[in-house]
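# Geometric and topological summary
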Amino acid sequence: MATLRPDARTRSASPENPAGEPGGGGGATDGTGAAAARDLGRGWKVSPSVEVAPGATHPLLEATGSGVVQHLWVTTHPRHWRELVLRMHWDGDPAPAVEVPLGDFFGQGWGEFAQLSSQVVAANPHGGLNSYWRMPFRRGARITLDNLGADAAVVYYQVTWSEEEVGEHEGYLHAQWRRDHPLERGRTHVLLDGVEGAGHYVGTYLAWGVNSSGWWGEGEVKFYLDDDDDLASVCGTGTEDYFGGAWNFDVPGQGYTTYSTPYLGLHQVLRPDGLYRSQQRFGMYRWHLPDPVRFRSALRVDVQALGWRSGGRYLPLADDIASTAFLYLDRTSTSRPSAPGVDEMEVL
């Protein structure tokens, strides 16, 4: 951080300065804080947030030229976390590289706050959602929120980026969301499929809802690289092992135990309340920052869902699994699932 960059300049977009104009911060004369600032006037928190109407799209960032998004902070009511879709387009590509429910992008897929303290994602009390994923672009960047819900969403946000040259070998950030609800027994949950190009895989977030009793995490996470067919090049030993835990995340005497570290964690455990909540639900993340999974031409990623049944046999599970997969790629778009709909995202 001590290296000076005379070629770079910091810009920041927020409701107070939507275009991130130099010398434009705090210049609003109308907005959601206008009444509170009526005795103070221009420059005194006149427009701290925006209201995104049902069916509307709000641009968080529209930048031109070359640069790097360095920090994204956003907050809104948790009921909107699975109603707002976060999209990111690089270099004018009409296809999004990132298309993920807002909450899932920050490890908050269940619509209930869970502290997450990691290197690139931080979710802080009470719903301050922060991303430090490096997001380079060469000709422009567009970041939007689409409100698929039935109610207006009041959103506070700030996007900070640096106008600077981007290195030849820097990839574009991609994030894809998929959900099986429920997963068909005997099938795997696919995180990525049909990705073409060269790049590296950098992160996994799973919102896992268990639909049966007993332990649920015997399944392996597998990475099929380049020409891999039936068998994967990278294969772990179990779900909790992939997320850096062991032995069912079970500390004797206290059961499932949460943890949040710079690169991996089980940061959320939602236990049944004995009345309306019938399933246990979990939030887990692993960021492959020191250990990216590199590929040259293609990538597919999946996870098995396995529990135990009688006779010491594995039990294929029919669980509710939603995944967000993060990767850097040498192109601005690739194969992706259909855009998530509000019913598909709904927490049930």
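I will try to describe carefully the structure that is included in this document. What you see is a predicted model, and the numbers here were worked out from it, not measured in a lab. (Residues numbered from 1 in each chain as written. Predicted model: local features only at pLDDT ≥ 70, side-chain atom pairs only at ≥ 80, totals over all residues. Heavy atoms only, no water.)

### A closer look at the packing of aromatic side chains
Going through the model one piece at a time under the given rule, you end up with 19 aromatic pairs. Where W216 meets F282, the ring centres are 4.6 Å apart and the plane angle is 35°; that geometry is what we call tilted. Here W216, found in the loop between β15 (199–209) and β16 (221–225), pairs with F282, found in strand β22 (residues 281–287); they are 66 residues apart in sequence, far enough to count as distant. Each member of the pair, W216 as well as F282, is classed as buried. Of the aromatic side chains, those joined through ring pairs into one cluster are W208, W215, W216, F249, Y256, Y259 and F282. (Phe/Tyr/Trp six-rings, centres within 6.5 Å; stacked < 30°, edge-to-face > 60°. Helix = DSSP H or I, 4+ residues; strand = E, 2+ residues; numbered from the N terminus. Buried < 20%, exposed > 50% of the residue type's maximum accessible area, 1.4 Å probe, protein only.)

### Notes on the sheet that holds β16
Across the sheet, which stays open at both edges, the four strands sit in the order β14-β24-β16-β17 with antiparallel pairing between neighbours. At either end of the open sheet lies a strand with only one pairing partner, and these are β14 (189–196) and β17 (234–235). As paired elements, β14 and strand β24 (residues 298–303) share five bridges and run antiparallel to each other. Within the sheet, the bridge partner assigned to V195 lies in β24 and is L299. (Pairing = 2+ DSSP bridges.)

### Points about the pattern of salt bridges
Tallied over the full model, the rule gives 15 salt bridges. Taking the shortest distance from any N to any O, the salt bridge between E164 and R5 comes out at 3.6 Å. With E164 in the loop between β12 (153–163) and β13 (172–180) and R5 in the segment before β1 (9–13), the pair connects residues that are 159 residues apart, well separated along the chain. Its salt-bridge partner being E163, residue R11 comes within 2.4 Å of it at the nearest N-O pair. Of this pair, R11 sits in strand β1 while E163 sits in strand β12, placing them 152 residues apart in sequence. Take R11: its relative accessible area is 11%, and that puts it in the buried class. Connected through shared salt-bridge partners, R5, D7, R134, E164 and E170 make up one network. (Salt bridge = Lys/Arg side-chain N within 4 Å of Asp/Glu carboxyl O.)

### Regarding the pairing of strand β4 (residues 67–75)
In terms of residue burial, β4 counts as a mostly covered element, since seven of its nine residues are buried. Examined bridge by bridge, β4 and strand β10 (residues 135–137) share three bridges and lie antiparallel to one another. In the strand pairing of β10, V68 is matched with P136. Here eight bridges tie β4 to β12, and the two strands are oriented antiparallel to one another. In the strand pairing of β12, V68 is matched with S162. By the bridge criterion, three bridges tie β4 to strand β9 (residues 128–131) in an arrangement that is antiparallel. Bridged to L72 within β9 is S131.

### Describing the nonpolar core
Ranked by size, the top nonpolar core spans 52 residues in total, and within it L61, M88, F105, W133 and V155 carry the most contacts. Aside from chain neighbours lying at most four places away, what touches F105 is L86, M88, V98, V100, V121, S131, W133, M135, A175 and F326. Grouped together as the second largest cluster of nonpolar side chains are 33 residues, W208, V221, Y256 and A325 included. (Core = buried A, V, L, I, M, F, W, Y, C linked by side-chain atoms within 4.5 Å. Contact = heavy atoms within 4.5 Å.)

### A look at the pairing of β24
Here β16 pairs with β24 via five bridges, running antiparallel. Following the sheet pairing, L225 is matched in β24 by L299.

### Quick notes on the environment of A153
Its place among the elements puts A153 in strand β12. Note: C-alpha distance between A153 and L183 (30 residues apart in sequence) is 31 Å. Those residues in contact with A153, other than ones at most four positions away along the chain, are V50, E51, V52, T76, H80, L84 and N147.

### Notes on unusual backbone geometry
With omega at -15°, the peptide bond leading from P125 into H126 counts as cis. Structurally, H126 is set in the loop between β8 (121–124) and β9. A cis amide bond links H181 with the next residue in sequence, P182, at an omega value of 0°. Even without being glycine, D91 reaches a positive phi, approximately 55°. As for its position among the elements, D91 is in the loop between β5 (84–90) and β6 (98–101). Residue D91 is classed as buried on the basis of its relative accessible area, which comes to 9%. In this structure, N248 is a non-glycine residue whose phi angle is positive, near 70°. Locating N248 in the fold gives a position in the loop between α2 (239–242) and β18 (250–251). By relative accessible area, which is 26% here, N248 ends up partly exposed.

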